[in-house]
Amino acid sequence: MSKTIAIKAFNKKEIVTEVIATTKSEELTILQAQAGVNYELFDETTGKAPDHIVTKRKGDNLFVSFEKEGGKAELLIENYYKHSDGQALIGVAEDGSYHYYIPDTGEVSDYVGNLKAGEIEGQALGSESIDTPYWSGGWGLDTGMLDFELPDLSGMSVMKWLVVGTAALGIIPAAHYVKHKYFDDDNDNVITGTYKNDALYGSSDTDITDIIDGKGGNDFIDGKGGHDKIDGNEGDDIIVYHDGDTIDGGVGADILKFTDETSINLDKLAEKVDNIEKLDFVNAKSDNITLSLSDVLNITDKDNELFIAGDKNDKVILDKADGFKEYDSSIDGYHMYSNANHDATLYIADDMSANITGII
């Protein structure tokens, strides 16, 4: 399905110009950059900004792809880097507030205005809102906002991790926190992190199986295409789920992130996923999650506690035979469910509570 993206150039007073770009088209939309403007991206299909874009610098020109995996660019902002000082790309979220696009790595050097010639970087719609789209020059993105780390959650129980961690991680977690990015530069399909906070990416080729080891640190791991083998190892990691991956979160409070609309029975997931403490379905889509007591026991670590975050349109389907019932929760923002023997405990986000079936 093609998308229609409106690109508006603003100065401090008004919209200066507007063009339309279309995905899955052979045409490249060209917008001539000018001084003192910034650029809003708006997906007319969804009524909000694209969640993620891929940017590439060629000379002084900025190319933008609106497809998930990048590839062919649909937009060229000509001579952008002759005027890029203090400018930014922005978009409007579902709640109507405006947000900056922030590099996937969180590195200041990867912010779109700082890319070097030939560099390619993914940019996600950030979690920090701004007052108005009408800004330029000194009103641009304060890249100092990127210079912070994940909270030190070592030694905390999952309970404490949730209370402290969810506010810090936000709706687009690791993207703002990782400090090092690693790709498969030597083409051996093995990507190994460090003991720092890394961003690790596999190949988009569906025929390639990447072997990814996060080592230590709080890592962001995305195997992309193929049936990859991912080990978060130590640290509090965020791992993007793709169908067919084999995933071990390892030690720490680890999150499995679902970015696409999903209808999934976790018995399938339980065969290939282990040591995950949280499933994150916050993606503005309508997800259907079916799970049983045995799934929770198989997916989680020895504590057998699983947190599920999601949106109000998501549905959770439990097996009534497992005897899950609701208990008073000590975790703000989550309902708590367990069976009579308390073999496993589920914490399901308040936004999803109206769409849970199978509770006794």
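All values reported here derive from a predicted model rather than from experimental measurement.

### Here's the deal with the sheet that holds strand 23 (residues 288–291)
- Spatially, four strands are ordered 20-23-25-29 in an open sheet, and the strand pairing comes out parallel. Strands with a single pairing partner mark the edges of an open sheet, and in this sheet they are strand 20 (263–265) and strand 29 (356–357).

### With respect to the pairing of strand 13 (residues 198–201)
- Where burial is concerned, the two faces of strand 13 agree: the one with D198 and L200 and the one with A199 and Y201 are both buried.
- Pairing analysis gives three bridges linking strand 13 to strand 15 (residues 220–222), with the strands arranged parallel. By the bridge assignment for strand 15, A199 is matched with F220.

### What about the pattern of salt bridges?
- Applying the stated criterion across every chain, the model contains eight salt bridges.
- The salt bridge involving K48 is made with D51; its shortest N-O contact spans 2.9 Å.
- By relative accessible area, which is 41% here, D51 ends up partly exposed.
- As a salt-bridge pair, K215 and D213 come within 3.8 Å of each other at their nearest N and O atoms.

### Some remarks on the pairing of strand 6 (residues 61–65)
- Of all five residues that make up strand 6, five are buried, and the element is covered over most of its length.
- Here strand 6 shows two buried faces, one formed by N61, F63 and S65 and the other by L62 and V64.
- In this structure, strand 5 (residues 52–58) lies alongside strand 6, joined through five bridges in antiparallel fashion. Bridging from a neighbouring strand, K58 pairs with N61 of strand 6.
- Between strand 5 and the antiparallel strand that follows it, strand 6, lie two residues; G59 among them carries a positive phi value of about 60°.
- Bridge analysis of strand 6 against strand 7 (residues 75–78) gives three bridges, and the strand direction is antiparallel. When the sheet's bridge partners are listed, V64 is paired in strand 7 with L75.

### Observations concerning the nonpolar core
- Counting 42 residues, the largest nonpolar core has L256, L269, L279, L291 and L346 as the members making the most contacts within it.
- Residue assignment for this core shows that the elements contributing at least two residues are helix 2 (266–270), strand 23, helix 3 (293–299), strand 24 (305–309), strand 25 (315–318), strand 27 (334–338) and strand 28 (345–349).
- With sequence-adjacent residues up to four places away left out, L269 is seen in contact with Y241, L256, F258, I264, L279 and I299.
- Judged by nonpolar contacts, the second largest core, of 31 residues, contains I5, A33, L41 and I90.

Each value, and the rule that gives it
Residues numbered from 1 in each chain as written. Predicted model: local features only at pLDDT ≥ 70, side-chain atom pairs only at ≥ 80, totals over all residues. Heavy atoms only, no water. Pairing = 2+ DSSP bridges. Helix = DSSP H or I, 4+ residues; strand = E, 2+ residues; numbered from the N terminus. Buried < 20%, exposed > 50% of the residue type's maximum accessible area, 1.4 Å probe, protein only. Salt bridge = Lys/Arg side-chain N within 4 Å of Asp/Glu carboxyl O. Core = buried A, V, L, I, M, F, W, Y, C linked by side-chain atoms within 4.5 Å. Contact = heavy atoms within 4.5 Å.

In short, geometric facts, not functional conclusions.
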